[in-house]
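The chain contents come next:
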Amino acid sequence: MLDALIAQLPGAKIDENGKITVNGEFIESLLLNGKEFFKGDNKVMLDNIGAYTVKNIQVYKGHTQREKWTNDPIPPQHLTMDVKLKKEYSNTWIINAQGGYGTSERYLERLFASWFSPKTTIAVSANANNLNDNRQPGKSDSWTPESMPS
């Protein structure tokens, strides 16, 4: 996933809450194709965008959209990371889904679906289960069970 790809960048680190630092400096804005994604909830983007969809990642000092629209002659610059998707993954759906049904009427369902275009982004995220399970996929393609209730 995207979080594992970013963690491989020189000087980049990601904490468990999805906060990214590059060379010790906090990334204040994580963008997808130059736009905010899920209103700045980095964790959603980091956990659901596949690394194979990424063309390149740019890190630069920039301004937020709000700061660009104000009349401040010298707005502050923030460290920004912009994830650019490969052309074949723009104007298309990206879906990350999981489902399971077990003994004693236990079930687990997760869905993330998103469609990107230069002007529009549509995204849906859902999680339903009766296991009290809030685990997420790990970087090594395995589920991390340490937070699973007994």
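A brief look at the structure comes next. Position numbers for residues count from 1 along each chain, tracking the sequence in the order it is written. Note on the predicted model: pLDDT of at least 70 is required for a residue's local features to be given, and 80 or more for side-chain atom pairs to be given and counted; whole-chain, interface and lining totals, by contrast, use all residues. Note: side-chain values were computed over all heavy atoms of the structure, leaving out hydrogens and water.

1. Some words on the overall build of the protein chain
So, step 1. Strands here mean DSSP runs of E at least two residues long; helices mean DSSP runs of H or I at least four residues long; both are numbered from the N terminus. In terms of helices and strands, the protein chain carries three helices and ten strands.
So, step 2. Traced from its N-terminal end to its C-terminal end, the protein chain shows the element sequence α-β-β-β-β-β-α-β-α-β-β-β-β.
So, step 3. Any residue under 20% of the maximum accessible area for its type is buried, any over 50% is exposed, and the rest in between are partly exposed; the area is computed with a 1.4 Å probe on protein chains only. Burial statistics for the protein chain: of 150 residues in total, 30% are counted as buried.
So, step 4. Of the roughly 9800 Å² of accessible surface on the protein chain, 51% is carried by carbon and sulfur atoms. Calculation of accessible area relied on Shrake-Rupley with a 1.4 Å probe; when residues are assessed, cover is drawn exclusively from the protein chains displayed.

2. Re the side chain of N48
So, step 1. Here N48 shows up in helix α2 (residues 42–48).
So, step 2. Looking at N48, its side chain comes within polar contact range of the side chain of N96, at 3.3 Å.
So, step 3. What makes two residues a contact is simply this: any of their non-hydrogen atoms within 4.5 Å. With residues near it in sequence (within four places) discarded, N48 still touches M1, N96 and F112. Two N or O atoms form a polar contact when they lie within 3.5 Å of each other; inside protein one atom must be a possible hydrogen donor and the other a possible acceptor, and for residues adjacent in sequence the pair counts only when both atoms belong to side chains.

3. Examining the environment of L2
So, step 1. Mapped onto the elements of the fold, L2 is located in helix α1 (residues 2–7).
So, step 2. For L2, a relative accessible area of 0% puts it in the buried group.
So, step 3. Sequence separation between L2 and D47 is 45 residues; the distance between their C-alpha atoms is 6.6 Å.

4. Some details on the environment of A12
So, step 1. Tracing the chain through its elements places A12 in strand β1 (residues 12–14).
So, step 2. Residues A12 and F26 lie 14 residues apart in sequence; the distance between their C-alpha atoms is 9.8 Å.
So, step 3. Excluding its chain neighbours within four sequence positions, the residues that come into contact with A12 are I6, A7, T21 and V22.

5. A look at the sheet that holds strand β2 (residues 20–22)
Within a beta sheet, neighbouring strands are joined by backbone hydrogen bonds and run either parallel or antiparallel to one another.
So, step 1. Whether two strands pair comes down to DSSP finding at least two bridges between them. Read across the sheet, three strands follow the order β1-β2-β3 without closing on themselves; strand pairing throughout is antiparallel. Pairing within the sheet leaves two strands with one partner each, and these edge strands are β1 and β3 (25–26).
So, step 2. Relative to β3, β2 runs antiparallel, the two being bridged by two bridges. Bridge pairing in β3 places T21 opposite F26.

6. With respect to the pattern of salt bridges
So, step 1. Every case where a carboxyl oxygen of Asp or Glu lies within 4 Å of a side-chain nitrogen of Lys or Arg is listed as a salt bridge. Here the structure, examined in full by the defined rule, presents three salt bridges.
So, step 2. Between K61 and E25 there is a salt bridge, with the nearest N and O atoms lying 2.6 Å from each other. Placement of the pair is K61 in strand β6 (residues 54–62) and E25 in strand β3, with a sequence separation of 36 residues.
So, step 3. With a relative accessible area of 44%, K61 lands in the partly exposed category.
So, step 4. Across the salt bridge formed by D47 and K43, the nearest N and O atoms sit 3.7 Å from each other. Of this pair, D47 and K43 are both found in helix α2, four residues apart, which corresponds to roughly one turn of the helix.
So, step 5. Judged by its relative accessible area of 10%, D47 is buried.

7. Some points on a nonpolar patch on the surface
So, step 1. A grouping of W93, I95, L111, I122 and V124 is seen on the molecular surface, where their side chains present a nonpolar patch of about 460 Å² in accessible area.
So, step 2. Of all the secondary structure elements, the ones that give two or more residues to the nonpolar patch are β8 (92–101) and β10 (121–129).
So, step 3. By the secondary structure assignment, W93 is in strand β8.
So, step 4. Accessibility expressed as a relative area gives 47% for W93, which makes it partly exposed. Only residues whose relative accessible area exceeds 30% and that form no salt bridge enter a patch; like-charged residues are grouped when within 9 Å of one another, and nonpolar side chains (Val, Leu, Ile, Met, Phe, Trp, Tyr) when within 5 Å.

8. Some words on the pairing of β8
So, step 1. Where β8 and strand β9 (residues 107–116) come together, ten bridges link them in antiparallel fashion. Pairing of I94 across the sheet is with S114, part of β9.
So, step 2. Linking β8 to β9, which pair antiparallel, is a turn of five residues; within it S104 sits at a positive phi near 55°.

It is worth stressing that arrangement in space is one thing and function is another; only the former is reported here.
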